[in-house]
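# A closer look at the structure
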Amino acid sequence: MASSSAVLALRSASDWWDEVNNSSMWQDRIFHALSLLFGLISVVALIQLARIECRVPEFGWTTQKVFHFLNFLVNGVRSLVFVFRRGIQKINPVILQHILLDLPGLAFFTTYALLVLFWAEIYYQARSVSTDGLRPSFYTINAVVYVIQISLWLVLWWRPIQAMIILSKLFFAGVSFFAALGFLLYGGRLFLMLKRFPVESKGRLKKLQEVGYVTTICFLCFLLRCIMICFNAFDKGADLDVLDHPILNFIYYLFVEILPSALVLFILRKLPPKRGITQYHPIH
């Protein structure tokens, strides 16, 4: 009897899932909800950028300012993509659809890689190790990632076969995996280094918690992205690039971009002091 009830419940859930996925009304509602959430995060990032600029205008484009500007840009573009998702799905050639859906994900990688760079600089400076090579490495890694992805898009445009689509998605999954490792490596190192110092002040404890929380959130976010994209590459039922998987899209973007971005922006909401900022690094 219990087994029959479980089977009926599963069938009912499956019917509901299929009904929502195949409903144009629910597709539009879910994609517009995603657009609204991305738009809110974009506005929050812009407000925080303006607050930081008002507090320390003399420092130019610091890592913190660039981080918030990229958050504003990435989430703003995501919001527009989901507003016009139905129209984007009709764009030809199909490669343009892939670019519009995947490019914000690459920019998301660059945005959060800035945190890895920032923490790596703090870690090596604290150990009196030269940080001269970190920024060139950051720019080189990002350039290589974008060049490879653009090359894959061009090949996909020239020969749009399933194998190339899978390869493009697997490359993106690999980028996400190495981003997760970057957070684990440098966020973990910085956390352990801070933990070794006596926590004699509330500010030091907050910094320790900040690094720990952001490291955990970003590591899990990029690891989950990697796993989901691998499923997306090989399982048609997990395809995120189609209109009739709105629930899967909502779950995916909620957990790999929206929630992580909202939590990180909340954790890093503290404004820098007006003067004597030694941990601030302009982007040259």
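Rules of the game
Residues numbered from 1 in each chain as written. Predicted model: local features only at pLDDT ≥ 70, side-chain atom pairs only at ≥ 80, totals over all residues. Heavy atoms only, no water. UniProt positions renumbered as here; feature names shortened; annotations may be inferred. Phe/Tyr/Trp six-rings, centres within 6.5 Å; stacked < 30°, edge-to-face > 60°. Helix = DSSP H or I, 4+ residues; strand = E, 2+ residues; numbered from the N terminus. Buried < 20%, exposed > 50% of the residue type's maximum accessible area, 1.4 Å probe, protein only. Expected span 1.5 Å × (residues − 1). Bend = angle between axes of the 7 residues up to and from the residue. Patch = residues over 30% accessible without salt bridge, like charges linked within 9 Å, V, L, I, M, F, W, Y side chains within 5 Å. Areas by Shrake-Rupley, 256 points an atom, 1.4 Å probe, with all protein chains shown as cover. Salt bridge = Lys/Arg side-chain N within 4 Å of Asp/Glu carboxyl O.

An unreviewed UniProt entry annotates the chain as THH1/TOM1/TOM3 domain-containing protein of Ensete ventricosum. Among the UniProt annotations of the chain, the heading Subcellular location (unreviewed entry) holds the following wording: "Vacuole membrane". Recorded in UniProt for the chain, the comment headed Sequence similarities (unreviewed entry) runs: "Belongs to the plant tobamovirus multiplication TOM1 protein family."

A few words now on the packing of aromatic side chains. For the coordinates displayed, the defined rule picks out 16 aromatic pairs. Each ring, one from Phe38 and one from Tyr253, has its centre 6.2 Å from the other, and the planes form 75°; the classification is edge-to-face. One end of the pair, Phe38, is in helix α2 (residues 24-55); the other, Tyr253, is in helix α9 (residues 246-267), with 215 residues separating them in the sequence. For the pair Phe38 and Tyr253, one class covers both residues: buried. Judged by centre distance (5.7 Å) and plane angle (70°), the rings of Trp61 and Phe69 are edge-to-face.

Let us now look at α9. Along an α-helix, a turn takes 3.6 residues, which lines up residues three or four apart on a common side. A rise of 1.5 Å per residue sets the reference length of α9, with its 22 residues, at 32 Å; its end C-alpha atoms lie 29 Å apart and thus fit the reference within 8%. Bending of α9 peaks at approximately 50° at the position of Leu254.

What follows deals with a nonpolar patch on the surface. Side chains of Leu224, Ile251, Phe255, Leu259 and Leu263 sit close together on the surface and give an oily, nonpolar patch of about 390 Å² of accessible area. In terms of residue count, the dominant contributor to the nonpolar patch is α9 (four residues). Relative to the assigned elements, Leu224 resides in helix α8 (residues 202-234).

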